[in-house]
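Residues per chain are reported as follows:
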Amino acid sequence: MKEIIFQILKKAGITLKEEELEKLLEIPPSSELGDYSFPCFILSKKEKKAPDKIAEHLAQKIKLPIEIEKVENKGPYLNFFVNKKILAEKVIGINANFGKLPLGKNKKIVIDFSAPNVGKPMHIGHIRSTILGDSLMRIYNFLGYNSIGVNYLGDIGLHLGKLIVAYELWLDKDALKKNPVQELLRLYVKFCAKEKSKITEGVEEEFQDNEWTNRAKEKLKLLELGDKKTEKIWHDIRKSSEKGFNKVYEMLNVDFTETVGQSEFSEHGKKIITNALMNKIAKSEKDGAIYVEVDGQKKFILRSNQTASYITYDIGAAVERNKKYNFEKMIYVTDFRQKDHFDKLFKILTLLGYDFSDKLIHLGFGTIKFGNEIIATRKGDIILLEDVLNKTIEKAEKEIKKRKTKGDAEKVGVGAVKYIVLKSSPSADVQFSWEQALNFEGDSGPYIQYSYARASSIIRKAGKFNKSKINFDNLNSHEINLVKKISSFPEIVQKAEESLNPSLIANYSFELAQLFNEFYHACPVIGDESEAFRLRLVDAFRTTLKNSLYLLGIEVMEEM
RNA sequence: GCCCUGGUAGCUCAGCCUGGAUAGAGCAUUAGCCUUCUAAGCUAAGGGUCGCAGGUUCAAAUCCUGUCCGGGGCGCCA
């Protein structure tokens, strides 16, 4: 539609380039003023005339194609009114593929997300990477890319040393079987409590020298050395832990292409670093620690005791993934605090001679806050992700019972949580509160799902589409608003992909649902003289909303 | 100290990239609407120095500079 207006303006003798026109063309604050607007200020200098005179002149001069029904000058603005009949006709003709584009044919996008730490439970803070990453995968797939979701488990590190110690001392086997997450958390918290009394304040964990921390370090070393007994415990912890993760992923309906422990990249990472040392790209400190210089600073990539550190694994993993997938892009979805780490990682890869680091992107997201607290596993006073989901599902059950309808409580509850996470843009912090999570009214997941169910109800009751001839004359404002909103869906999806921002789709879904509810309230469908058109409009709305929510990983129901 | 973020209604946020017409939602508050396709809905009202100060511009919530307040990063941790 924009292109059509550009053509009109060009024909009217405006010599601006298309990109400039693209920037200038805007949508008026009120639809009564028009659907698109061209401000004429910019021309007033060139033509040395007042902008409102220019607008007036242009309005008279312009010849309109069929897609535009009228043009008006209003002050300095030239306002275009699109032909609603043609737009409406297009909209009711959409199908389930609406919004899909073959942009990413044969292109692979690797998305590294979720990445929980083995042994620790998933809490409300982990939800963001998981849900964001899942949504990005869906968006890329929708646009024809082949997206590959990688769950990069934190299966190594001091917290595992601590857990192994605790496991040997206090494990309750039955409890582990019954509720692995709860038992592992109990062990971890118990260890931290013991350790805490011995900790020297202000000293970093690495340099703590006390009975408890040292025991954990000892276990970690045994693990690296391949001690059988320690390894067995480690495997057991990982297995139990994954059981817990999988339960959550099942509830969230999140799938990964591969799940892999970061420890698996230790050897490869070290090999790369050894080569770099030989090629003098990396240098060695006297004590054996290896570093490269990045931005004039030493960045260590192997520890003095020759064990791998975080970045060692990441180097190995990145190189291996590039080889395995030959990706177009790889996106790391993590907390924004890791920004520097990833910036350095990308630079180091370039220094090491790899040419794919410009394909790597770090999508950093803000913190989830609960009240004013930031959640820490250490203390154990955390809100488990599972509990959050269970609580919203419970609330949904209650609501469904109250209404005596057939809704699916899990879909409603999970949808509510996903929507809260996705509706704010990734970079922003998210305020999480029970009040908000359990409020299913207004700007919420259930509100949107509800509007879908209402639409479905109409279609169901109508039975068949009314076959009488559709009359596109006399569309009312509710119908037009809905038509316009539906027609803008493809743009929104593309924008969300370009900016890696599913919140655009979340906001769109809400606005779309809102317009539908207004329409629903004002326009009877069944039995009305516009039934033929309205039924199809309702159906187009359903299709669009379903696609839109699909991209957020939120499921719809025919009834709720 | 250096770097990254954020500051818009009582609360939670959108708009900022790409400057344009009276700054938008939701929650909460108040007042209405269920004999009509699901009231998880709709309608209406109140509520704003867009942190502050300069600058650029015909035009600034939006761009630039400075400043104040909050969050974060600057480990051989992950």
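Residues numbered from 1 in each chain as written. Chains lettered and ligands numbered in written order. Predicted model: local features only at pLDDT ≥ 70, side-chain atom pairs only at ≥ 80, totals over all residues. Heavy atoms only, no water.

This next bit is on helix α11 (residues 228–252). Side chains three or four residues apart in an α-helix point the same way, a direct result of the helix having 3.6 residues per turn. For α11, built from 25 residues, the straight-helix expectation of 36 Å at 1.5 Å per residue is met to within 8% by its first-to-last C-alpha distance of 36 Å. Looking at the residues trailing α11, positive phi occurs at N253, about 60°. (Helix = DSSP H or I, 4+ residues; strand = E, 2+ residues; numbered from the N terminus. Expected span 1.5 Å × (residues − 1).)

Right, let's get into unusual backbone geometry. Unlike most non-glycine residues, K280 shows phi in positive territory, near 65°. In this fold, K280 is placed in the loop between α12 (266–278) and β7 (283–284). For N326, which is not a glycine, the phi torsion comes out positive at approximately 45°. As for its position among the elements, N326 is in the loop between α13 (310–325) and β10 (329–335).

Take the sheet that holds strand β8 (residues 290–294) next. One key point about sheets: their strands pair by backbone hydrogen bonds, in either a parallel or an antiparallel sense. On the basis of which strands lie adjacent, the open sheet formed by 3 strands has the order β7-β8-β9 and antiparallel pairing. On the outer flanks of this sheet lie β7 and β9 (297–302), each paired with one strand and no other. Pairing between β8 and β9: 5 bridges, direction antiparallel. Paired with I290 across the strands is L302, a residue of β9. Docked against the sheet, helix α14 (residues 339–351) engages β8 and β9, running at close to 100° with respect to β8. (Pairing = 2+ DSSP bridges. Contact = heavy atoms within 4.5 Å. Axes fitted to C-alpha atoms, helices over the stretch in contact; angles between N-to-C directions.)

Scored by pLDDT, chain A has a mean of 91; 97% of the residues are at 70 or more. With pTM at 0.94, the complex prediction returns an ipTM value of 0.95. (pLDDT = per-residue confidence, 0-100.)

Taken as a whole and judged by the stated rule, the model has 22 aromatic pairs. The interplanar angle of 40° and the centroid separation of 6.0 Å between the aromatic rings of Y152 and F265 together place this pair among those described as tilted. Linking Y152 in strand β5 (residues 146–153) with F265 in the loop between β6 (258–261) and α12, this pair joins segments that are 113 residues apart in sequence. We note that Y152, like F265, is buried. Summarising the aromatic geometry, the rings of Y332 and F342 are spaced 4.6 Å apart at their centres and angled 35° between planes, so their arrangement reads as tilted. (Phe/Tyr/Trp six-rings, centres within 6.5 Å; stacked < 30°, edge-to-face > 60°. Buried < 20%, exposed > 50% of the residue type's maximum accessible area, 1.4 Å probe, protein only.)

A word on empty space enclosed by the protein. A probe as big as a water molecule, rolled over the atoms, marks out the empty space that is left. For the coordinates displayed, the defined rule picks out 2 cavities of 30 Å³ or more. There is about 100 Å³ of room inside the largest cavity. It is α11 that contributes the most residues to the lining of the largest cavity, 4 residues altogether. Split by residue class, the lining of the largest cavity holds 7 nonpolar, 3 polar and 2 charged. As a volume, the second largest cavity reaches approximately 30 Å³. (1 Å grid on protein atoms, 1.4 Å probe; cavity = no way out; pocket = protein on both sides within 12 Å on 5 of 7 lines; lining within 4 Å. Points joined across faces, edges and corners; volume = space filled by probe spheres on them. Nonpolar A, V, L, I, M, F, W, Y, C, P; charged D, E, K, R; others polar.)

Let's shift gears to the sheet that holds strand β3 (residues 77–82). Here we have 3 strands laid out as an open sheet, ordered β1-β3-β2, and antiparallel in their pairing. The outermost strands of the open sheet, each flanked by one partner alone, are β1 (36–39) and β2 (68–74). When the angles between neighbouring strand axes are averaged without regard to direction, this sheet yields 20°. The pairing of β2 with β3 spans 6 bridges and is antiparallel. Residue pairing for β3: I68 is matched across the bridge by V82. Packed on one face of the sheet, helix α4 (residues 51–61) meets β2 and β3 and runs near 155° to β2.

On the surface, K173, K177, K232, K239 and K243 cluster together to form a positively charged patch. Mapped onto the positive patch, the elements with two or more residues apiece are α8 (173–178) and α11. The greatest single-element share of the positive patch, amounting to 3 residues, is contributed by α11. (Patch = residues over 30% accessible without salt bridge, like charges linked within 9 Å, V, L, I, M, F, W, Y side chains within 5 Å. Areas by Shrake-Rupley, 256 points an atom, 1.4 Å probe, with all protein chains shown as cover. Salt bridge = Lys/Arg side-chain N within 4 Å of Asp/Glu carboxyl O. Lys, Arg positive; Asp, Glu negative; His and termini not counted. Charge placed at Lys NZ, Arg CZ, Asp CG, Glu CD.)

Residues in contact with RNA strand B amount to 60 residues; listed here are only the nearest, Y77, D287, R403, Y450 and S457. In the interface set of RNA strand B, defined as its atoms within 4 Å of the protein, sugar plus phosphate atoms amount to 58%. At 2.9 Å from a phosphate oxygen of RNA strand B is found a main-chain nitrogen or oxygen belonging to G442. Separating a sugar or linking oxygen of RNA strand B from a side-chain N or O atom of H521 is a distance of 3.0 Å. Every element with two or more residues in the surface near RNA strand B is listed here: α3 (41–47), β3, α14, α15 (385–403), α17 (434–437), α18 (445–462) and α21 (503–522). It is α18 that contributes the most residues to the surface near RNA strand B, 8 residues altogether. Taken together, the residues of the surface near RNA strand B sort by class into 23 nonpolar, 16 polar and 21 charged. (Near = heavy atom within 4 Å. Polar contact = N/O pair within 3.5 Å; in protein donor to acceptor, adjacent residues only side chain to side chain.)

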